[in-house]
There are 2 protein chains.
Amino acid sequence: MRSTMMDYPLVLPSILKRAKEVHPHKEIVTKWHDNSIQRLTYGEFYKRTIRLMSALRKAGVKPGDAIATFCLNHSVHLELYFAIPSIRAVLHTINIRLFPEQLTYIINEAKDKFIFVDKSLALAIEKNLSQIHGVQKFIIIDDKENVPFPNLPNAISYEDFLKTGDEIENFEPIDEFEAAGICYTSGTTGNPKGVVYSHRSTYLHSMSICMGDALCIREAETVLPVVPMFHVNSWGIPFASVMTGCKLVFPGKHLLGAGLAELLESEEVTLTAGVPTVWNVLYQHLKKTKYNLKLHTMVVGGSAAPRGLIEGFEKDFGISILHAWGMTETSPVGTVSHLRGFMKDWNGNKRYSYRAKQGVPVPGVEIRAIDDNGKDVPKDGKTPGELLVRGPWIAASYKSGESSESFTSDGWFRTGDVVVLDEFGYMQITDRKKDLIKTRGEWISSVDMENLVMADPNVLEAAVVGRKDPVRDEAPVIFVVPVEGKEVDPKGIHDRLKENFAHWQLPKLDDIRSVSAIPKTSVGKFDKKILRKELEE
Amino acid sequence: MRSTMMDYPLVLPSILKRAKEVHPHKEIVTKWHDNSIQRLTYGEFYKRTIRLMSALRKAGVKPGDAIATFCLNHSVHLELYFAIPSIRAVLHTINIRLFPEQLTYIINEAKDKFIFVDKSLALAIEKNLSQIHGVQKFIIIDDKENVPFPNLPNAISYEDFLKTGDEIENFEPIDEFEAAGICYTSGTTGNPKGVVYSHRSTYLHSMSICMGDALCIREAETVLPVVPMFHVNSWGIPFASVMTGCKLVFPGKHLLGAGLAELLESEEVTLTAGVPTVWNVLYQHLKKTKYNLKLHTMVVGGSAAPRGLIEGFEKDFGISILHAWGMTETSPVGTVSHLRGFMKDWNGNKRYSYRAKQGVPVPGVEIRAIDDNGKDVPKDGKTPGELLVRGPWIAASYKSGESSESFTSDGWFRTGDVVVLDEFGYMQITDRKKDLIKTRGEWISSVDMENLVMADPNVLEAAVVGRKDPVRDEAPVIFVVPVEGKEVDPKGIHDRLKENFAHWQLPKLDDIRSVSAIPKTSVGKFDKKILRKELEE
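As named in an unreviewed UniProt entry, chain A is Acyl-CoA synthetase, taken from Leptospira neocaledonica. UniProt, in the comment section headed Sequence similarities (unreviewed entry), describes chain A in these words: "Belongs to the ATP-dependent AMP-binding enzyme family."

Right, dumping it as structure tokens:
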């Protein structure tokens, strides 16, 4: 018997067209660098996007061409998100915080034909022009920063470029398996690796994160993505938001403390998403200044959110931190930590310990954890294993075929994350495989130790790395950033660690070091590579 | 550039396996005919289902074979839902209320190899055996009704059949475009027409109805589908529920009034779904007897829910009726009527009028409404047009290629529903195309007139059909069922209609007729074919 259903492809123009058809009145709000607020309806956004599609085609962009963006979060970036894949070109969102050698490497590797650049970010490109090959045009987005128009070859302003297009609908058929976008991993070893998303994978990921058990993005929410649109496509939130027609608020450069809090308040944002460090700073700010927020959910990913932060936001402000886990290779949402129905009656302590886990796979994604022999580890909440993932929005390879060791022969992606799974299937990351500290032949989780230290209200951030030790193989070193106006108390930290770690796992007192800041990677994670280098020197 | 994502098919065994992996402890509850309650965990359900897969294979079932069910809503039916497609056979859920000629027609047309039958329903098959060809085996499910084991050829009890299988996992690769299930339309004209769902369409439909803007089914809900599992697969709710791991409650034959209310209360059901007539009866019952319900959402489809019912449930019991629209050809969910964020501040009157509409298309589905010349009608809330639909879970044809006039040459399904679309894109059904009443060359919507009459608290149900009239072409006739203990007041009804209908549209006083019941089709809709026949005779 043969199916009689339509052969209807899962492609991104469908999302764009739905927004115009169903939600033409809804708003897309951008706060530009000069604090001006721009409001665009989905109807207006649609017209600009089809004009952009036309302009790109007229400028010679062909299916399969990579077109890059070098931008913060704003409505023009959203136009690029849809126009580029809708003409079958490939959206390459460049991380603006990359080091020069990585920046030029990925532009050349992706063979970017055009780059759309925020005016205030152009200098980073300008400085490295001599290393960049094959880019034919730079289109400059006026982000309302008071800087001169950049000195780039074949540069044109975005609004002038847009005028070269016609406001006509011209959608061509697209195979759902065609490439729609590319992101590069922020790999701390070797060159960044390209992950090429398809229309299908992006469409399915968008549906997935709108599901009740994932992020539950829906029309009635007002969504502000703090997570940059160059960071795994802002975790897919822009695509999912346009799919639902929810009001979108883009913060431009207003990403921290007061600037962010004011925007959350004035636009009545209900759902936001970002890395823990952003929320840590916001939490400190909210403790000092009162706002009338409608915010109910903050999605946290990128790094583990400290349990103290989850508890603090809920108790002090009634805001729920929703823990999610993912990687560039997983589009990125793989797991989300909702409490099960029956857990809602648990006591606070037990509930928070579950909320601090990375959660269970969203429908569509499969996870397992294996030991060094490739056997599944027991779901006992304590036996660590490497996390393996598969599903329709998970990478099967990298663009240039590097690192085939990241993919098993039977179709799983090896994440490099060390996790434990508990009896209810909740996953908790204990460490990156390469960040584990080996002491007397046993592993210490740097993340466990960091979380314990960061639970101290006087501690803002803490990072743990191993230093070479003649007796213990490696010994843990803790870098601690105190909360403003407070001091680090090594003795107190050592005493608390004693309650949870074995004697031989503990750091020496003078390995608990007060620092003013912890170096971060381009996506805001602790850069342990730099810390380790400092220890060696 | 080529996508690097996994080629991971969207197939139903993934849903089954996820339930076992992620939610093995969650419950599937069945209330059997003798009022006994059966509890099965998803883990136990999984074991029984893989055993059933093995038993089916051993009994000779091959990929593509149709295997039928003739059952109410219970856990065994759910095992069949997953085991049959998981061995690449095709799940044929037969409507138990079909008339004999339709019943035998569809069994023969689908070429059903086995039929799984509830013991208490077997008589309906037994009586028509001579007209049924090619069925090799009848497997009898003990629904705990006090009736003898049926007299059917090659009959075996379900539990004995299950024992012939092995409890081993044996999943073979499945192409997502392969057939997974077949349902027949309850076409009031001609023979029922087969719609064959694929794994892909069923999987995507399941994701879709779990989205926040659709039914938002999620793990924390307790879901009781009243809508029968033989009625467009219970609107896809069983597949979606297993996908999320929510607690499922199956009511068996306890579908009305006290029997249903007690189960909603004792199992703490939060979300349910069914046709308006079921909720009408429940509403009358809840007005008389007090229950402690956790219910927050009742999904209503199949027919339009009267606005009065929506208002009554919300005001009297705090339960939200969520209006949805779909057909066998649309898997079925096509539109859902959530209020937009900004509508939540509207006054009650305006809000209820929107809640009573059929809503906007769920992400993935496209709708339009066209006039007789094939042009889109304006979105003005008053110009009627025929509803056209397309999307990944919409039919492109019928199994035997009949009724090609139901599908446009450019890929849309013609629903036969007459609708209006308003400025916000909300769709409201005004009638079935063939139920419109033509009076003096103009159309009257039978549904509009019915809703107005049913808003009367003394009216339980009302159906409007046209009778031939020498002067007016057709004249409306209203069949009214009064609430128990009340009487029909034709004069009062006529007066109220005057406020909303033109003089020439009104029925004559003696065309407002009190009846004790309105005949229903096999899926519980008003059977206007019978009413029209009565008028002719």
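Now that the structure has been shown, we can carry on.
Moving on to the overall build of chain A. A tally of regular secondary structure across chain A gives 16 helices and 25 strands. Relative to its length of 537 residues, chain A is compact, with a C-alpha radius of gyration of 23 Å against a globular reference of 24 Å. By its C-alpha atoms, chain A is 70 × 65 × 50 Å across when sized along the principal axes. Within chain A, contacts between residues at least 6 apart in sequence are counted, and of these 67% link residues at least 24 apart. Accessible surface, chain A as shown: approximately 20100 Å² in total, 49% of it carbon and sulfur. Positive and negative side-chain charges in chain A, numbering 66 and 69 respectively, have mean positions lying 1 Å apart.

Attention now goes to the sheet that holds strand β3 (residues 66-70) of chain B. Where strands meet in a sheet, backbone hydrogen bonds hold them as pairs that are either parallel or antiparallel. Residues and elements named next belong to chain B. One open sheet accounts for seven strands, arranged β7-β6-β5-β3-β4-β8-β9; its pairing is mixed. Because the sheet does not close on itself, it has two edges, and the strands there are β7 (155-157) and β9 (194-198). Within the sheet, the average angular offset between the axes of one strand and its neighbour, ignoring direction, is 25 degrees. The pairing of strand β6 (residues 137-141) with β7 spans three bridges and is classified as parallel. If you follow F138 over to β7, its bridge partner there is A155.

For the rest of this paragraph, the subject is the nonpolar core. Membership of the largest hydrophobic core comes to 237 residues, with the highest contact counts inside it found for F116 of chain A together with F116 of chain B. Sequence-distant contacts of F116 of chain A, that is, excluding residues within four places in its chain, are made with L52, L56, I67, A68, T69, F70, C71, L80, I139, I141, Y158 and F161 of chain A.

The next point concerns the relation of the copies chain B and chain A. Mapping chain B onto chain A is achieved by rotating through 180 degrees and translating by 0.0 Å along the same axis, at an RMSD of 0.1 Å. Each copy turns onto its partner about a two-fold axis. If distances are taken from each C-alpha of chain B to the rotation axis, the shortest is found for M211 of chain B, at 1.9 Å. A symmetric contact is evident, with 100% of the interface residues of chain B recurring at the interface of chain A.

Residue and element names in this part refer to chain A. Take T30: it is sitting in strand β1 (residues 27-31). For the pair T30 and H74, spaced 44 residues apart in sequence, the C-alpha to C-alpha distance is 5.5 Å. Apart from the residues within four sequence positions on either side, T30 is in contact with S36, I37, Q38, H74, S75 and F250. Side-chain polar atoms of T30 contact the backbone nitrogen of S75, separated by 3.1 Å.

Residues and elements named next belong to chain B. Helix α9 (residues 237-244) packs onto helix α7 (residues 199-209) with a crossing angle of 70 degrees between their chain directions and a minimal axis gap of 9 Å. Considered as vectors, α7 and α9 are oriented roughly perpendicular to each other. Residues T202, Y203, S206, M207 and I209 of α7 touch α9, and the partners they reach there are I237, F239, A240 and M243. Taken together, the residues of the contact of α7 with α9 sort by class into seven nonpolar, two polar and no charged.

Turning our attention to helix α15 (residues 490-498) of chain A. Among the residues of α15 of chain A, G492, I493, H494 and L497 of chain A are the ones counted as buried. Contacts from the buried residues of α15 of chain A go to α14 (446-454), β24 (473-482) and β25 (512-514) of chain A.

This part takes up the sheet that holds strand β5 (residues 112-118) of chain A. Residues and elements named next belong to chain A. The strand order across the open sheet formed by seven strands is β7-β6-β5-β3-β4-β8-β9, and the pairing between neighbours is mixed. Of all the strands in the sheet, the pair left with one neighbour each is β7 (155-157) and β9 (194-198). Across the sheet, the mean angle from the axis of one strand to that of its neighbour is 25 degrees, orientation sign disregarded.

So, on to the state of the cysteines. The tally for this structure, following the rule as stated, stands at zero disulfides over all chains. The thiol of C216 of chain A is not disulfide-bonded; the next cysteine sulfur, from C216 of chain B, is found 3.7 Å away.

Structurally, M449 of chain A can be placed in helix α14. Each C-alpha atom, one on M449 of chain A and one on A462 of chain A, is 8.8 Å from the other, the two residues being 13 residues apart in sequence.

This part covers the packing of aromatic side chains. All names here are of chain B. Under the counting rule described, the total for this entry stands at 36 aromatic pairs over all chains. Note on Y283 and F317: the rings are 5.7 Å apart at their centroids and 75 degrees apart in plane angle, and the pair reads as edge-to-face. In this pair, Y283 sits in helix α11 (residues 276-288) while F317 sits in helix α12 (residues 307-317), placing the two residues 34 residues apart along the sequence. For F317, a relative accessible area of 29% corresponds to the partly exposed category.

What follows covers the environment of I28 of chain B. Residues and elements named next belong to chain B. By the element assignment, I28 lies in strand β1 (residues 27-31). Overall, I28 belongs to the buried group, its relative accessible area being 0%. For the pair I28 and S206, spaced 178 residues apart in the sequence, the C-alpha separation amounts to 18 Å. Beyond its immediate sequence surroundings of up to four residues, I28 is in contact with Q38, R39, L40, Y42, F45, S75, L78, L248 and F250.

Another aspect to go through is the side chain of R472 of chain B. All names here are of chain B. Residue placement: R472 occurs in the loop between β23 (459-469) and β24 (473-482). In this structure R472 is buried but unpaired, with D469 as the nearest side chain of opposite charge at 5.0 Å. Beyond its immediate sequence surroundings of up to four residues, R472 is in contact with K438, T439, R440, W504, Q505 and L506.

What follows deals with the interface of chain B and chain A. At the interface, 74 residues of chain B touch 74 residues of chain A. Counting each side, the surface lost to burial between chain B and chain A is near 5600 Å², with a carbon and sulfur contribution of 60%. By the criterion of area lost to chain A, the three top residues of chain B are M1, M5 and M6 of chain B, representing 16% of everything that side buries. Counting across the interface, chain B meets chain A through four salt bridges. For E176 of chain B, the salt bridge identified is with R200 of chain A, shortest N-O distance 2.8 Å. Summed over the shared surface of chain B and chain A, the result is 31 residue pairs in polar contact (both at pLDDT 80 or more). Elements with a minimum of two residues in the side of chain B that touches chain A: α1 (12-22), β8 (179-184), β9, α7, α9, β16 (360-361) and β18 (385-390) of chain B. If one sorts the elements of the side of chain B that touches chain A by residue count, α7 of chain B sits on top with six residues. In the side of chain B that touches chain A, the residues fall into 40 nonpolar, 16 polar and 18 charged.

Residues in a regular strand point their side chains to alternate faces of the sheet. Residues and elements named next belong to chain B. Across the two faces of strand β12 (residues 271-274) the burial is the same, with L271 and A273 and T272 and G274 all buried. Pairing geometry for strand β10 (residues 222-225) and β12, over three bridges, is parallel. Bridged to L224 within β12 is T272. Here β12 pairs with strand β13 (residues 297-300) via four bridges, running parallel. Opposite A273, over in β13, you have V299 as the bridge partner. Following the chain from β12 across α11 to the adjacent parallel β13, one finds a crossover that is right-handed.

Quick look at unusual backbone geometry now. Residue and element names in this part refer to chain A. In this structure, the amide linkage connecting S331 to the following residue, P332, adopts the cis form with an omega of 10 degrees. Inspection of the secondary structure assignment puts P332 in the loop between β14 (320-326) and β15 (333-336). The phi torsion at N35 lies on the positive side, around 75 degrees, for a residue other than glycine. With respect to the helices and strands, the residue N35 is situated in the loop between β1 and β2 (37-41). You will see that D473, though not glycine, has its phi angle at about 70 degrees, which is positive. Mapped onto the fold, D473 is located in strand β24.

This part covers helix α10 (residues 257-266) of chain B. All names here are of chain B. Considered for burial, the residues of α10 that qualify are G257, L260, A261, L263 and L264. Axial view of α10: buried residues confined to an arc of 165 degrees, hence all on one face. Positioned one or two residues after α10, E268 has a phi angle of 55 degrees, which is positive.

Residues and elements named next belong to chain A. Judged by how many residues are buried, β1 sits mostly within the fold: four of five residues are covered. Across five bridges, β1 lies against β2 in antiparallel orientation. Residue pairing for β2: I28 is matched across the bridge by L40. Connecting β1 to the antiparallel partner β2 that follows it, the hairpin turn spans five residues, and N35 within it adopts a positive phi of roughly 75 degrees.

Parameters at a glance
- Residues numbered from 1 in each chain as written.
- Chains lettered and ligands numbered in written order.
- Predicted model: local features only at pLDDT ≥ 70, side-chain atom pairs only at ≥ 80, totals over all residues.
- Heavy atoms only, no water.
- UniProt positions renumbered as here; feature names shortened; annotations may be inferred.
- Helix = DSSP H or I, 4+ residues; strand = E, 2+ residues; numbered from the N terminus.
- Rg over C-alpha atoms; globule rule 2.2 N^0.38 Å.
- Contact = heavy atoms within 4.5 Å.
- Areas by Shrake-Rupley, 256 points an atom, 1.4 Å probe, with all protein chains shown as cover.
- Lys, Arg positive; Asp, Glu negative; His and termini not counted.
- Charge placed at Lys NZ, Arg CZ, Asp CG, Glu CD.
- Pairing = 2+ DSSP bridges.
- Axes fitted to C-alpha atoms, helices over the stretch in contact; angles between N-to-C directions.
- Core = buried A, V, L, I, M, F, W, Y, C linked by side-chain atoms within 4.5 Å.
- Buried < 20%, exposed > 50% of the residue type's maximum accessible area, 1.4 Å probe, protein only.
- Least-squares fit on C-alpha atoms with pLDDT ≥ 70 in both.
- Polar contact = N/O pair within 3.5 Å; in protein donor to acceptor, adjacent residues only side chain to side chain.
- Parallel < 35°, antiparallel > 145°, perpendicular 65-115°, else oblique.
- Nonpolar A, V, L, I, M, F, W, Y, C, P; charged D, E, K, R; others polar.
- Disulfide = S-S within 2.5 Å.
- Phe/Tyr/Trp six-rings, centres within 6.5 Å; stacked < 30°, edge-to-face > 60°.
- Salt bridge = Lys/Arg side-chain N within 4 Å of Asp/Glu carboxyl O.
- Buried area = accessible area lost by both parts, 1.4 Å probe.
- Right-handed = clockwise from strand over helix to strand, strands pointing away.
- Arc of directions from axis to C-beta.

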